[in-house]
Amino acid sequence: MTEEENIKKAPSVGLLLTISIIAISFAAIFVKWSDAPATIISMYRMYLACLLLLPIVIIKRKQLFLLKRKDWLILSISGVFLALHFALWFGSLKLTTVASSTIILALQPVVALIGGFLVYKERTNLFTVATIGISFIGIVMIGIGDLGLSRAAVIGDILSFLSVIAIVAYLLIGQSTVRKISHWIYSFCVFLIAGVSLTVYNVIAQVPLGGYPYEEWQIFVLLAVFPTLAHVIYNLLLNYVNTSTISMSILGEPVGATILAIFLLGETVTILQTVGGSFVLLGVYLFLRR
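Here is what the cut-offs are and how they apply
Residues numbered from 1 in each chain as written. Predicted model: local features only at pLDDT ≥ 70, side-chain atom pairs only at ≥ 80, totals over all residues. Heavy atoms only, no water. UniProt positions renumbered as here; feature names shortened; annotations may be inferred. Axes fitted to C-alpha atoms, helices over the stretch in contact; angles between N-to-C directions. Helix = DSSP H or I, 4+ residues; strand = E, 2+ residues; numbered from the N terminus. Parallel < 35°, antiparallel > 145°, perpendicular 65-115°, else oblique. Left-handed = near helix turned anticlockwise from the far one by under 90°. Contact = heavy atoms within 4.5 Å. Nonpolar A, V, L, I, M, F, W, Y, C, P; charged D, E, K, R; others polar. Phe/Tyr/Trp six-rings, centres within 6.5 Å; stacked < 30°, edge-to-face > 60°. Buried < 20%, exposed > 50% of the residue type's maximum accessible area, 1.4 Å probe, protein only.

An unreviewed UniProt entry lists the chain under the name DMT family transporter, with Alkalicoccus halolimnae given as the organism. For the chain, the Subcellular location (unreviewed entry) comment in UniProt is given as "Cell membrane".

Below, the discussion takes up the packing of helix 2 (residues 13-33) against helix 12 (residues 252-264). It is the contact of helix 2 with helix 12, at a shortest axis distance of 8 Å, that shows an interaxial angle of 45°. Relative to helix 12, the element helix 2 lies oblique. Remark: the crossing between helix 2 and helix 12 carries right-handed chirality. Between helix 2, through I21, I24, S25, F26, I29 and W33, and helix 12, the contact on the second element is made entirely by G252, E253, G256, A257, L260, A261 and L264. Taken together, the residues that form the contact of helix 2 with helix 12 break down as nine nonpolar, three polar and one charged.

The next thing to look at is the packing of aromatic side chains. With the rule as written, the count across this model stands at 11 aromatic pairs. When the ring of F26 is compared with that of F30, the centres are 5.6 Å apart and the planes differ by 20°; the resulting orientation is stacked. With F26 and F30 both in helix 2 and four residues apart, the pair spans about one turn of that helix. Since its relative accessible area comes to 3%, F30 is described here as buried. Both rings, one in F30 and one in W33, keep their centres 5.9 Å apart while their planes meet at 45°; by these two values the pair is tilted. In this pair, F30 and W33 are both assigned in helix 2, three residues apart and thus about one turn of the helix distant.

Here it is in structure tokens:
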């Protein structure tokens, strides 16, 4: 059966992708609304996401016995990098604009290619290198534009880029283990390990674990629900379309998040952010199309 035939049988691929993009775009808005420390927001997002996945984990619990000691070690390292990703990205959103932070985050597939080359010696071609160059030109432009806003904004941009490196490390380290078990079981394990890692950090850093108002807990829950909803939709759509089609939706997040930030946060977008963001998205688009 062709992909076109699959799409016809799918429950409105376009509508579901739109819902997933909107859902994932709200994550940055929720972080902006929260006054809690980035590591606290990240920690509770992980724990609450685990609660959402728990019913599926109970059903598929036998798969946990397929994991060996080496797999658990890999899961633990992956979980630490996932914790680092969320702590860095949420920290980025505290310092820079939603537009800059999410556009830089869209570099994930490009950085993943570089990581695959360095770790697994995966080969590439001149066209792909050119798309990477286009994206990084855009990043430089965004950085220059944010430099005119404040030093904190530039630090936020750097944190966002570091969060991309962390998420790519998480994916590269765990890609062998995720093939052995259900994606749901894998996600639950790394989410839980990430939550525990963030808890340890918060305790050592003496960041208060409790005492947050009801409004903050609402944000914690929303942060767990909306991105999880997006991932559930992605998993559903994989039955009808290929991975590349799903991956293309990554370009929708910075656009959706920026639009939401303009209306809900009153943020403005500078000319350099717009031009630089266009370069980044063009580079990632060409890369994914390739």
